[in-house]
2 protein chains.
Amino acid sequence: MGRPREFNYEHVVSKVTEVFWAKGFQGTSLDDITSVTGLNKGSIYSSFGNKEALFRLALRKYIGDGPFNQFRVGEISPDPVNALIQLYRKLINESQMAKLGKRGCLAFNSGMEFGNQNTKLSRFVIEEVERLESFFHELVEEAKATGALSKSLDVRKAAFRAFSAAFTIREMAKFRPERDLLAEVANSALASLGTERRV
Amino acid sequence: MGRPREFNYEHVVSKVTEVFWAKGFQGTSLDDITSVTGLNKGSIYSSFGNKEALFRLALRKYIGDGPFNQFRVGEISPDPVNALIQLYRKLINESQMAKLGKRGCLAFNSGMEFGNQNTKLSRFVIEEVERLESFFHELVEEAKATGALSKSLDVRKAAFRAFSAAFTIREMAKFRPERDLLAEVANSALASLGTERRV
DNA sequence: AATATTTTTGACCACTCGGTCAATAACGGA
DNA sequence: TCCGTTATTGACCGAGTGGTCAAAAATATT
């Protein structure tokens, strides 16, 4: 019934995610979106709503596909500390790629862009960033349970340290991408967790 | 000779700095600037040039007036480690103030905003951020010289760790302003420098 | 083949953007 | 008081912004 869609929904969201990632929310115009997706404005608005709705889909997709979800406990390795190390390595490696590294992380970028606002959209963004943080919380909790980290560790603080390191690696890579410097950030986070293991 | 200015140059730059700090470069319109300064566009353009020139003045002023310059070696305390601790404390304290804390740091904000570009302006911004980093370099070097930090410390890496902590405190405060969490960041940087002292 | 339903198209909207400019106003010096 | 110089004013510019909509096109059903 009705005329069928000519575009692939997920493919469009994926393209939109990339352009928001590269240019930010404010920096991305509807013309950017139409040219990168091949759709025109009318199609976009009837299928997705407005720029803000599209951005929400993009951010959700980015987080869902991103490395934070790929290194969940037990999915890559039964060892949570190893999962953390692998994640840091992946972030550092991606930061070495000239174009990709300079983009930072869409979630963190958005947190920076919307951080000093107080709108529905800014609250949505911050909630999504907090979902990222909870991933580190789970990792640290699991590492405590398996005995890989000390029982006396303050999980909330330790998780924040591990989370901060990921933030710093991703975002500082925009202007300081040197691998050994980013590794310092990861390694001092690991040291602060009480493990001897390094990135 | 000629009609005298009706505005105070430094006062205007100061107001402009605040609005760029609060809204970012892209997020600040010329109307924002005219309404915050009381000048109209013509005056602004004849006195300062364009939006970009105004932004350069603002960023320079921000860095010149900021805490990074206030805690130079010997100016507050002859003890460089103490200067670092004082600086962290100041950053953490400012992050507690609801509106101010959410603004982060104009220099870092700008680094984030321009990081993935390659224009004259983006290069200017990155140079300014690097000037901030060199402040930490001097601090660490001085601390080594006075014996407050170990002679075996790698200054480049140590300075980057100290610098990263400042970055993280200022920028993560936008969405995670809790004092004890930000103190964790400062304290693990201090620990990584090999000192027992804490914020 | 006609119809109901949905998608696509591209022209169009009001508004804002950064930036310009000629006219006017305010001064110091002659 | 007139003149040269500089500052202020406000209207104006083309381009771009996010968003809308009526008409046309493509399908399944009858």
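Calculation rules
- Residues numbered from 1 in each chain as written.
- Chains lettered and ligands numbered in written order.
- Predicted model: local features only at pLDDT ≥ 70, side-chain atom pairs only at ≥ 80, totals over all residues.
- Helix = DSSP H or I, 4+ residues; strand = E, 2+ residues; numbered from the N terminus.
- Buried ≥ 20, exposed ≤ 12 C-beta atoms within 10 Å, placed from the backbone.
- Contact = placed C-beta atoms within 7 Å.
- Least-squares fit on C-alpha atoms with pLDDT ≥ 70 in both.
- Axes fitted to C-alpha atoms, helices over the stretch in contact; angles between N-to-C directions.
- Parallel < 35°, antiparallel > 145°, perpendicular 65-115°, else oblique.
- Nonpolar A, V, L, I, M, F, W, Y, C, P; charged D, E, K, R; others polar.
- Left-handed = near helix turned anticlockwise from the far one by under 90°.
- Near = placed C-beta within 6 Å.
- Expected span 1.5 Å × (residues − 1).

1. Observations concerning the overall build of chain A
Point 1. Looking only at helices and strands, one finds eleven helices and zero strands in chain A.
Point 2. Reading chain A from its N end, one meets helices and strands in the order α-α-α-α-α-α-α-α-α-α-α.
Point 3. A total of 199 residues make up chain A; the buried ones form 42% of that total.
Point 4. Within chain A, contacts between residues at least 6 apart in sequence are counted, and of these 60% link residues at least 24 apart.

2. What about the relation of the copies chain B and chain A?
Point 1. Rotating chain B by 180° and moving it 0.0 Å along the rotation axis overlays it on chain A with an RMSD of 0.1 Å. The superposition operator between the copies reduces to a two-fold rotation axis. Among all residues of chain B, the minimum C-alpha distance to the rotation axis is found for threonine 168 of chain B, at 3.2 Å.

3. Regarding the packing of helix H10 (residues 155-172) of chain A against helix H11 (residues 179-192) of chain A
Residues and elements named next belong to chain A.
Point 1. Their axes nearest at 9 Å, the elements H10 and H11 cross at an angle of 180°. In this view, H10 runs roughly antiparallel relative to H11, as classed from their interaxial angle. In this structure, H10 contributes Arg161, Ala162, Ala165, Thr168 and Ile169 to the contact, and H11 contributes Leu182, Val185, Ala186, Ala189 and Ser192.
Point 2. Across the contact of H10 with H11, the residue classes tally to seven nonpolar, two polar and one charged.

4. Some details on the interface of chain B and chain A
Point 1. Counting residues at the interface gives 29 residues for chain B and 29 residues for chain A.
Point 2. When contributions to the side of chain B that touches chain A are tallied by element, the ones reaching two or more residues are helix H1 (9-27), helix H7 (98-103), helix H8 (106-114), helix H9 (120-145), helix H10 (155-172) and helix H11 (179-192) of chain B.
Point 3. The element that contributes the greatest number of residues to the side of chain B that touches chain A is H10 of chain B, accounting for eight residues.
Point 4. Each residue belonging to the side of chain B that touches chain A can be placed in one class, and the counts come to eleven nonpolar, eleven polar and seven charged.

5. Observations concerning the packing of helix H8 (residues 106-114) of chain A against helix H9 (residues 120-145) of chain A
All names here are of chain A.
Point 1. Relative to each other, H8 and H9 sit at 140°, their axes nearing to 9 Å. Accordingly, the angle class assigned to the pair H8 and H9 is oblique. Viewed along their axes, H8 and H9 form a crossing whose handedness is left-handed. Contacts between H8 and H9 involve Ala107, Phe108, Ser110, Gly111 and Phe114 from the former and Leu121, Ser122, Val125, Ile126, Glu128, Val129 and Leu132 from the latter.
Point 2. Residues that form the contact of H8 with H9 fall into these classes: eight nonpolar, three polar and one charged.

6. Notes on the protein's contact with DNA strand C
Point 1. What surrounds DNA strand C is a group of 25 residues, the closest being Gly2, Arg3 and Gly42 of chain A together with Ser29 and Gly42 of chain B.
Point 2. For the surface near DNA strand C, the element with the most residues is helix H3 (residues 41-48) of chain A, which contributes five residues.
Point 3. Of the residues assigned to the surface near DNA strand C, the class counts are seven nonpolar, ten polar and eight charged.

7. Description of the environment of leucine 59 of chain B
Residues and elements named next belong to chain B.
Point 1. Considering the arrangement of structural elements, one finds leucine 59 in helix H4 (residues 51-65).
Point 2. A C-alpha to C-alpha distance of 6.7 Å links leucine 59 and alanine 107, two positions 48 residues apart in sequence.
Point 3. Excluding residues within four positions of it along the chain, leucine 59 makes contact with Leu106, Ala107, Ser110, Val125 and Glu128.

8. A look at H10 of chain A
Point 1. Taking 1.5 Å per residue, 18 residues should reach 26 Å; H10 of chain A reaches 25 Å between its end C-alpha atoms and fits that length.
Point 2. For H10 of chain A, a buried count of 15 out of 18 residues is recorded, marking the element as mostly surrounded by other parts of the structure.

9. Side note on the environment of leucine 100 of chain B
Residues and elements named next belong to chain B.
Point 1. Here leucine 100 shows up in helix H7.
Point 2. Taking the C-beta count within 10 Å as the criterion, leucine 100 has 15 such neighbours and is therefore assigned partly exposed.
Point 3. Distance from leucine 100 to alanine 145, taken between C-alpha atoms, is 36 Å for residues 45 residues apart in sequence.

10. Focus on the protein's contact with DNA strand D
Point 1. In the vicinity of DNA strand D lie 26 residues, with Ser29 and Gly42 of chain A together with Gly2, Arg3 and Gly42 of chain B positioned nearest.
Point 2. The set of elements that each furnish at least two residues to the surface near DNA strand D consists of helix H2 (30-37) and H3 of chain A together with helix H3 (41-48) of chain B.
Point 3. The element that contributes the greatest number of residues to the surface near DNA strand D is H3 of chain B, accounting for five residues.

11. A short note on H11 of chain A
Point 1. With 14 residues, H11 of chain A extends 20 Å from end C-alpha to end C-alpha; this agrees with the ideal 20 Å at 1.5 Å per step.
Point 2. When you tally the buried positions in H11 of chain A, you get ten out of 14 residues, the bulk of the element.
Point 3. All of the buried residues along H11 of chain A are Leu181, Leu182, Glu184, Val185, Ala186, Asn187, Ser188, Ala189, Leu190 and Ser192 of chain A.
Point 4. Here the buried face of H11 of chain A lies against helix H6 (80-96) and H10 of chain A together with H10 and H11 of chain B.
Point 5. Glycine 194 of chain A sits one or two residues past H11 of chain A and shows a positive phi near 90°.

12. Observations regarding the environment of phenylalanine 114 of chain B
All names here are of chain B.
Point 1. The residue phenylalanine 114 is located in helix H8 in this model.
Point 2. Taking the C-alpha atoms as reference, phenylalanine 114 lies 9.9 Å from glutamine 26; in sequence the two are 88 residues apart.
Point 3. Those residues in contact with phenylalanine 114 that lie beyond four places of it in its chain are Leu121, Ser122 and Val125.

That is the geometry; function is a separate question.
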